[in-house]
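Descriptive structure summary
Here is how the chains run, residue by residue.
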Amino acid sequence: MNVERDRAERLADEELMPLIGAKDPEAFEVFYDRHGGVAYSLAYRIVGEKAAAEDVTQEAFISVWRSGARFDRARGSVRSWMLSIVRNRAIDMLRSRAGKAPKLTFDDDAVLEQRPAEELTDEEAMQHETAQELRGAVGSLPGEQAKVIELAYFGGFSQSEIAAMLGVPLGTVKGRMRLGMEKIRGELAEGLA
Amino acid sequence: MSEINHEHWQEDVAAYMLGALEPARATELEQHLESCERCQAQVRWLMPALNALPQSVERQEPPPGLRTRVLAEVRADAGVASAERGDATAGLLHRLGGWLRSLGSGPMGLRPVAGLAAAVLVVVAVAGYAIGGGIGGGDDGSNGGSTVVTGKPPGVTAKVVMKSEGGGTLHLTNVKQLHDEHVLEAWVQREGEVEPVRALFVPDDKGRATTTIADMEGVEVVMVTTEPRGGSEAPTSSPIVTVPIPQS
């Protein structure tokens, strides 16, 4: 039985997922309206052109619909899970274009497995951060740290590839990634304080 | 575990979370994580930073047609699932029979006994599209699989891009705008039998339409018809395009 659209809109993401697993199109429509914009934005940021971003976004959402309710709320927020799927598919498209064998898995369960369980308090609080605040946290990085994180996350490059591209030792790349991620985390923690 | 060894692993945690570790190294780190509470805590602590990355990108307005296509495909799936629950006997033969009967009443007078292969050829002729049959190499750059092209501009042009995981993406161009209450529906033929893809979609304002086909295994032909909104159990119109798929 489908829930009415207005009722679905009052449900939290985590409450929508079982309905989507039961093939409720009204629940999925609300889910798409909540996350379609940021999903498309992420896909566009990675693949760099509109038609490909549309393909990635469409495939990611249809994957969520057809795979059923694999989401496990103990492992993080629905939005982060959805964006992980979009990112994996977009990176796979990038790598396919470059003639490389896909490195990332299409198994959306694997996305879940990569996420740690429990202790979601901070992450749930982060959901209330605005995109502008999140951009501020990421944008506060020193250029060399931002560069390695961008190449890894949005470009799909390994740390060895990044080291070769930038002409720096592998250990330098590791260090910049670690420091950069810790700095973003610190900025977010300050925002919550 | 020695402190030096632990530091050695902690240096890789951020790269691991960013997907930047080489696969073998990532596997080793995952094994280490299973038993190292400090590294687990590091992953948990950095997770909000990782989640901030995708949400920090500059917002882009999705094309309105994207929402329409995604939801049309979902509603088609939901409709098929509902129909399957309600009538387990409504199967492929019924759908195929209905299609062939409808064609038989048309100007070509095709009879069901003529077989599906002939039906495909005839409906292409009715639709007025020449089969180009050219095989490209992923010229849209979207994937490394084979691409099949059929139709000639200004008629509908179709490409099926094979995906590495066994599915495919169907791209149409030059599709006429649909009347209200109508959608495009995709079908595939395996071993001479037509199956629904359970995919409804609509063209955008530039006449482009895209849908996904989850399983391309054994598919000989991909077809698209125009159907009433919500889709049909069997094709109710001649295909606007057919795409023969080369068998490897």
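Predicted model, so just to flag it, every value in this text is computed and none were measured.

Residue and element names in this part refer to chain B. Pairing geometry for strand β5 (residues 182–190) and strand β6 (residues 193–201), over 6 bridges, is antiparallel. From the neighbouring strand, Glu185 faces β6, where its bridge partner is Leu200. In sequence, β5 turns back onto β6 through a hairpin of 2 residues, with Glu191 there showing a positive phi of about 45°.

Turning our attention to the pairing of β5 of chain B. All names here are of chain B. With 7 of 9 residues buried, β5 is to be regarded as a mostly interior element. As paired strands, β5 and strand β8 (residues 219–228) are joined by 9 bridges and run antiparallel to one another. Bridging across to β8, His182 finds its partner in Pro228.

In regions of low pLDDT, the predicted coordinates are not meant to be interpreted in detail. All names here are of chain B. For chain B, per-residue confidence averages 70 on the pLDDT scale, and 66% of positions sit at 70 or higher. Long-range and interchain partners of residues 87–146, a stretch whose pLDDT sits below 50, account for 96 contacts in this model, where long-range means more than four residues apart. Model confidence for the complex is summarised by a pTM of 0.59, with the ipTM given as 0.78.

A few words now on helix α4 (residues 50–67) of chain A. In this model, α4 of chain A (18 residues) spans 25 Å end to end at C-alpha, consistent with the 26 Å of a helix rising 1.5 Å per residue. Summarising burial for α4 of chain A: 13 of the 18 residues are buried, a large majority.

So, on to the interface of chain B and chain A. Each partner contributes to the interface: chain B provides 50 residues, whereas chain A provides 59 residues. Listing elements by their share of the side of chain B that touches chain A, those giving two or more residues are α1 (3–17), α3 (37–55), α4 (64–86) and β7 (209–213) of chain B. Top contributing element to the side of chain B that touches chain A by residue count: α3 of chain B, with 13 residues. Residue classes in the side of chain B that touches chain A are distributed as 24 nonpolar, 14 polar and 12 charged.

Thresholds applied
- Residues numbered from 1 in each chain as written.
- Chains lettered and ligands numbered in written order.
- Predicted model: local features only at pLDDT ≥ 70, side-chain atom pairs only at ≥ 80, totals over all residues.
- Pairing = 2+ DSSP bridges.
- Helix = DSSP H or I, 4+ residues; strand = E, 2+ residues; numbered from the N terminus.
- Buried ≥ 20, exposed ≤ 12 C-beta atoms within 10 Å, placed from the backbone.
- pLDDT = per-residue confidence, 0-100.
- Contact = placed C-beta atoms within 7 Å.
- Expected span 1.5 Å × (residues − 1).
- Nonpolar A, V, L, I, M, F, W, Y, C, P; charged D, E, K, R; others polar.

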